[in-house]
Amino acid sequence: MSARIPLQPFPRGWFQVATSDELSTGGPISLRCFGQDLVLFRTQDGQARVLDAHCPHMGAHLGVGGRVEQGGIRCPFHGWVISGEGKCVHIPYADTIPPRARIRAWEVRELDGLILVHHALGGEPPAFEIPPLAEARSTEWSPKLSKRWRVRTHIQENLENIVDPAHFVTVHGMLVPPRTEIEIEGHIIRSRSAVKQKGPGGQVVDGTITWEGHGMGYGTIRFTGIVELLFVNTVTPIDDELVDIRVAFWLRNDGAQRLGQALAAEVCRQIEEDIPIWENKIYRAQPVLCAGEKGIMTFRKWSSQFL
Ligand code: FES
Ligand SMILES: [Fe+2]
């Protein structure tokens, strides 16, 4: 917990740790998230696996010099093989495997090009799943660019931005603040914002921005108006102070690709405009709010279930 943002930094839910592309060689990849060292690799049966990084034997880091083999990962130090379930299955110089020779295996899901792990402070099993993207199953949409930023903030501060109408005008140059309606359904938050966008010819176009968050780590944001655009927005806590923000854009395979790419670049530009605010602000538990800003407290009530 940082003094600037006194919120529990590691919520419960699903968090992106890599893309499927990053794991194309099978790994291992060393991960740092939730203040812990983890290792990601793909076993020969094609499953992405995440384990605590340090070998149960004498603590070597499996992601640094470890080799994926025999449905598990071979430790670089004394050659023990740890299975995808975190159990030692082979010791090159011993016939008996000590029962305590195991490490924690994390719940992993691979979905639409993203690798997600489940985190809960007490190690509880997942209480919800992330639904697949309809667009990823449609021939009319294709994945385009994706991007990542490492930012000194808390995941709640990052998401709160989406339901903070006034800042869209001051920070991002929107013509008027969006009108945002929020709906909560258990672990899901949906916000629908009516926005005025400036078209390529300078004309004003009515559009919508719809956010659907599944826990704090994973959300989709869909735009209509000048052009249709979808992006998956994930935020993953790294340690007490840092988060990784990732965006993965999907565009329609129609003639409006150029406009879609321009809007994707604009979304990235807006995230970069937010970063200096996030990195320097403090957290106000009782902010002084005005008319049109009550969505912020609705959002915080929703997010508190994960902290
Ligand atoms: S530390 Fe991993 S095999 Fe010894
Ligand atoms: Fe913003």
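Conventions adopted
Here the residue numbering is sequential within each chain, running from 1 through the sequence in written order. Labels follow written order: the first chain is A, the first ligand is 1, and so on. Under the rules for a predicted model, residues below a pLDDT of 70 receive no local features and side-chain atom pairs below 80 are neither given nor counted, while totals for whole chains, interfaces and linings still include all residues. Side-chain metrics in this entry use all non-hydrogen atoms of the structure; hydrogen atoms and water are not considered. UniProt positions are given in the numbering used here, feature names are shortened, and annotations may be inferred rather than shown by experiment. The donor set covers N, O and S atoms within 2.8 Å of the metal, switching to 3.2 Å for Na, K and Ca, and it leaves out water, so a site may look short of donors. Three labels apply to residues, based on accessible area from a 1.4 Å probe with only protein chains included: buried if under 20% of the type maximum, exposed if over 50%, partly exposed otherwise in between. Helix numbering and strand numbering both begin at the N terminus, where a helix is a DSSP run of H or I of at least 4 residues and a strand a DSSP run of E of at least 2. Two strands qualify as a pair provided DSSP detects at least 2 bridges between them. Helix axes use the C-alpha atoms of the stretch in contact, all axes being lines fitted to C-alpha atoms, and the angles between their N-to-C directions lie in the range 0 to 180 degrees. Put plainly, a pocket is an open set of points on a 1 Å grid over the protein atoms alone with protein on both sides within 12 Å along at least five of seven lines, a cavity is a set where a 1.4 Å probe fits but cannot get out, and a lining residue has an atom within 4 Å of a point. Grid points are joined across faces, edges and corners, and a volume is the space filled by probe spheres set on the points. Just so you know the grouping, Ala, Val, Leu, Ile, Met, Phe, Trp, Tyr, Cys and Pro go in nonpolar, Asp, Glu, Lys and Arg go in charged, and all remaining residues, Gly too, go in polar. In what follows, residue pairs with any heavy atoms lying within 4.5 Å of each other are defined as contacts. N or O atoms within 3.5 Å of each other form a polar contact, as long as, within protein, one can give a hydrogen and the other can take it, and as long as residues adjacent in sequence are counted only when both atoms are side-chain atoms.

Under an unreviewed UniProt entry, the name given to the chain is Rieske domain-containing protein, and the source organism is Sorangium cellulosum. Its UniProt record gives the chain a comment under Cofactor (unreviewed entry), which states: "Fe cation".

Some words on the coordination of the iron ion (ligand 2)
Six octahedrally arranged donors around a metal ideally form angles of 90 or 180 degrees; four tetrahedrally arranged donors ideally form angles of 109.5 degrees. For the iron ion (ligand 2), the full set of protein donor atoms is N161 (OD1), H167 (NE2), H172 (NE2), D274 (OD) and D274 (OD), and the range of their distances to it is 2.0 to 2.5 Å. Site description for the iron ion (ligand 2): donor spacing in sequence, N-x5-H-x4-H-x101-D. Here the two residues H167 and H172 agree in accessibility, since each one is buried.

Brief notes about the UniProt feature "domain: Rieske" (unreviewed entry) in the chain
Within the UniProt annotation, "domain: Rieske" (unreviewed entry) is assigned to residues 15-117. In the segment residues 15-117, helix accounts for 0% and strand for 43%; the C-alpha atoms at its two ends are 5 Å apart.

What about the sheet that holds strand β11 (residues 114-119)?
Strand order in the open sheet formed by three strands is β1-β11-β10, with antiparallel pairing between adjacent strands. Strand pairing shows two members of the sheet lacking a second neighbour, β1 (13-19) and β10 (108-111), which therefore form its edges. For this sheet the average axis-to-axis angle between neighbouring strands, irrespective of direction, equals 30 degrees. In this structure, β1 lies alongside β11, joined through six bridges in antiparallel fashion. Following the sheet pairing, F15 is matched in β11 by V117.

Digging into empty space enclosed by the protein
If a probe as big as a water molecule is rolled over the atoms, it shows which places are left empty. By the definition in use, this model includes two cavities of 30 Å³ or more. When its volume is computed, the largest cavity comes out at roughly 40 Å³. Around the largest cavity, the lining residues are P9, T153, H154, I155, P237, D239, D240, L242 and V243. Split into classes, the residues belonging to the lining of the largest cavity amount to five nonpolar, two polar and two charged. Put simply, the second largest cavity is a space of about 30 Å³. Going through the elements one at a time, β15 (204-214), β16 (218-224) and β17 (229-237) are the ones with two or more residues in the lining of the second largest cavity. When residues in the lining of the second largest cavity are grouped by element, the largest group, three residues, is from β17.

As for unusual backbone geometry
For the bond from G27 to P28, the omega torsion is 5 degrees, close enough to zero to count as cis. Of note, P28 is situated in the loop between β1 and β2 (29-33). Within the chain, F34 stands out as a residue other than glycine whose phi angle is a positive 55 degrees. For F34, the position within the fold is in the loop between β2 and β3 (36-42). Exposure remark for F34: the relative accessible area of 3% places this residue in the buried category. Even without a glycine there, the phi angle at D112 is positive, about 50 degrees. Counting through the fold element by element, D112 comes out in the loop between β10 and β11.

Side note on the environment of R42
Inspection of the secondary structure assignment puts R42 in strand β3. Linking R42 and G84, residues 42 residues apart in sequence, is a C-alpha distance of 8.5 Å. In contact with R42, not counting residues within four places along its chain, are S20, L23, G26, Q47, A48, V68 and E110. A polar side-chain atom of R42 sits 3.0 Å from the main-chain carbonyl oxygen of G46. Here E110 takes part through its side chain, which lies 2.8 Å from a polar atom of the side chain of R42.

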